[in-house]
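# Survey of secondary and tertiary structure
Each chain, written out:
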Amino acid sequence: WSSDVCSSDLTHQRMIHFHRLLGSFLLAAFACSASAQLAGRGLENTPGIAFGSAMFRFLGEHKAFIADLNIGTKSERGGTFLLPGKLTFRDGQSRLELDVAKLEGARLPPIMADQLKNAGLGEFVILTAPEKKLTYLIYPGLQAYAETPLRDDQNPELAKSAKVETTRIGEETLAGHPCIKNRIVVTDEQGKTQEATVWNATDLRNFPVAIEATDKGNQVTLFFSNVRFGPPPANAFQLPRDLKRYADTREMMREAMMKLLGGAVPK
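Residues numbered from 1 in each chain as written. Predicted model: local features only at pLDDT ≥ 70, side-chain atom pairs only at ≥ 80, totals over all residues. Heavy atoms only, no water.

## Describing the pattern of salt bridges
- Considering all chains together, one arrives at seven salt bridges under this definition.
- Asp68 is the partner of Arg228 in a salt bridge, and the nearest nitrogen-oxygen pair spans 3.9 Å. Here the residue Arg228 occupies a position in strand β11 (residues 218-229), and Asp68 occupies one in strand β1 (residues 64-74), the gap between them amounting to 160 residues.
- Overall, Asp68 belongs to the partly exposed group, its relative accessible area being 26%.
- Between Arg168 and Glu171 there is a salt bridge; the shortest N-O distance is 2.4 Å. (Salt bridge = Lys/Arg side-chain N within 4 Å of Asp/Glu carboxyl O. Helix = DSSP H or I, 4+ residues; strand = E, 2+ residues; numbered from the N terminus. Buried < 20%, exposed > 50% of the residue type's maximum accessible area, 1.4 Å probe, protein only.)

Below, the structure is given as structure tokens:
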């Protein structure tokens, strides 16, 4: 009887632990959903900005750069999260590097950050390859990746035919940069619009050091810093070798979650 009780208590504790982990993952996904859209594919069923091809117009004339990126997300309920990363961009190709263990505002305990790292889930990379019409979600710690088709509305070629209306709102200084604050509305050929408030830094070739928009009641702001102009290394957009390929992201995350919980992956 005592062994059954111990087993029951252990199962109960593991279930509590599981739900705490799951909650942290949902918070992380919530905060980084906009960044995934930026890279070319949104995290499915999570709130964020469906920038799609409009993002290329928000970036203006900047076709090649590397920049540090902070993604700030504020939900309808008032919760605020900040996720740091790095964006490498060239002519529609992008490489977005994020570290969920550094998520701020989600009350992620240190032990959780360590568990994420140990399970290979702390860092991930999103690569977009418009020429192949594919997006790659890579977990270096898992030595694994999954690829998904790039949706038609996220093709950078569509941005070229979109109509752009820019309205100057005023001038502000942001992170030490003198900026022109603009309201930009991008309308595609189907009449769908995407709006954003953009702070263009006059001392950085009018680079948008901040882009803010609202989608489904959630305010998301992309903060850029340490911007370096010029073509990034070609290998920045190449898929690393010797990675395990998964049929889809759900299968990859399912196995990763089981690994995090210390259990065997069910067949």
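## Here's the deal with the environment of Arg228
- The class for Arg228 is partly exposed, based on a relative accessible area of 30%.
- Among residues more than four places away in sequence, those in contact with Arg228 are Phe65, Ile66, Ala67, Asp68 and Lys86. (Contact = heavy atoms within 4.5 Å.)

## A word on the nonpolar core
- The biggest cluster of nonpolar side chains holds 45 residues, and the ones touching the most others in it are Phe58 and Phe224.
- Take this core: its biggest share by element is five residues, from strand β10 (residues 207-215).
- Counting eight residues, the second-largest nonpolar core is a separate cluster that includes Val125, Ala129, Tyr136 and Leu243. (Core = buried A, V, L, I, M, F, W, Y, C linked by side-chain atoms within 4.5 Å.)

## A few points about unusual backbone geometry
- With phi around 55°, Lys133 is a residue other than glycine that occupies positive phi space.
- Of note in the backbone geometry, Gln143 takes a positive phi value of approximately 55° without being a glycine.
- Counting through the fold element by element, Gln143 comes out in the loop between β5 (134-139) and β6 (144-149).

## So, the packing of aromatic side chains
- Evaluated as defined, the whole model comprises seven aromatic pairs.
- With centroids separated by 5.5 Å and ring planes inclined at 25°, the aromatic side chains of Phe65 and Phe89 adopt a geometry described as stacked. With Phe65 in strand β1 and Phe89 in strand β2 (residues 80-90), this residue pair connects regions lying 24 residues apart in the sequence. Side by side, Phe65 and Phe89 carry an identical accessibility label, which is buried.
- Centroid distance Phe124 to Tyr139: 5.5 Å. Interplanar angle 35°. Geometry classified as tilted. Pair noted here: Phe124 is in strand β4 (residues 123-129) and Tyr139 is in strand β5, with a separation of 15 residues, a long-range link.
- Assessed through its relative accessible area of 5%, Phe124 is described here as buried.
- Members of the aromatic cluster, each reached through a chain of ring pairs, are Phe65, Phe89, Phe207, Phe224 and Phe229. (Phe/Tyr/Trp six-rings, centres within 6.5 Å; stacked < 30°, edge-to-face > 60°.)

## Let's talk about the side chain of Asn182
- Of note, Asn182 is situated in strand β8 (residues 177-187).
- Among the residues examined, Asn182 registers a relative accessible area of 10% and is labelled buried.
- Looking at Asn182, its side chain comes within polar contact range of the side chain of Asn200, at 2.8 Å.
- The residues touching Asn182, leaving out its near neighbours within four places in the chain, are Thr166, Thr167, Arg168, Ile169, Ala196, Thr197, Val198 and Asn200. (Polar contact = N/O pair within 3.5 Å; in protein donor to acceptor, adjacent residues only side chain to side chain.)

## Comments concerning the pairing of strand β7 (residues 163-174)
- Summarising the sheet, β7 and β8 pair through eleven bridges and their orientation is antiparallel. Bridge pairing in β8 links Glu165 to Val185.
- Turn length for the β7-β8 hairpin, with the two strands adjacent in sequence and antiparallel, is two residues, and the turn residue Ala175 shows positive phi of about 55°. (Pairing = 2+ DSSP bridges.)

## Focus on the confidence of the model for the chain
- On average, residues of the chain score 74 in pLDDT, and 66% of them reach the 70 mark or higher.
- In the predicted structure, residues 1-51 sits below a pLDDT of 50 and forms 92 contacts with residues beyond four places in sequence or in another chain. (pLDDT = per-residue confidence, 0-100.)

## Re the pairing of β2
- Of the strand pairs in this sheet, β1 and β2 are connected by eleven bridges, and their pairing is antiparallel. Note that in β2 the partner of Ile71 across the bridge is Leu83.
- Note: β2 against strand β3 (residues 93-99), six bridges, orientation antiparallel. Looking at β3, one finds that Thr88 is bridged to Arg95.
- Hairpin geometry of β2 and β3 is characterised by an intervening segment of two residues between the two adjacent antiparallel strands and by a positive phi of about 50° at Asp91.

## Focus on the environment of Gly170
- Residue position: Gly170 is located in strand β7.
- Judged by relative accessible area, which is 22%, Gly170 ranks as partly exposed.
- Considered as a pair, Gly170 and Arg183 are 13 residues apart in the sequence and their alpha carbons are 9.7 Å apart.
- When near neighbours in sequence (up to four residues on either side) are disregarded, Gly170 contacts Cys179, Ile180 and Lys181.

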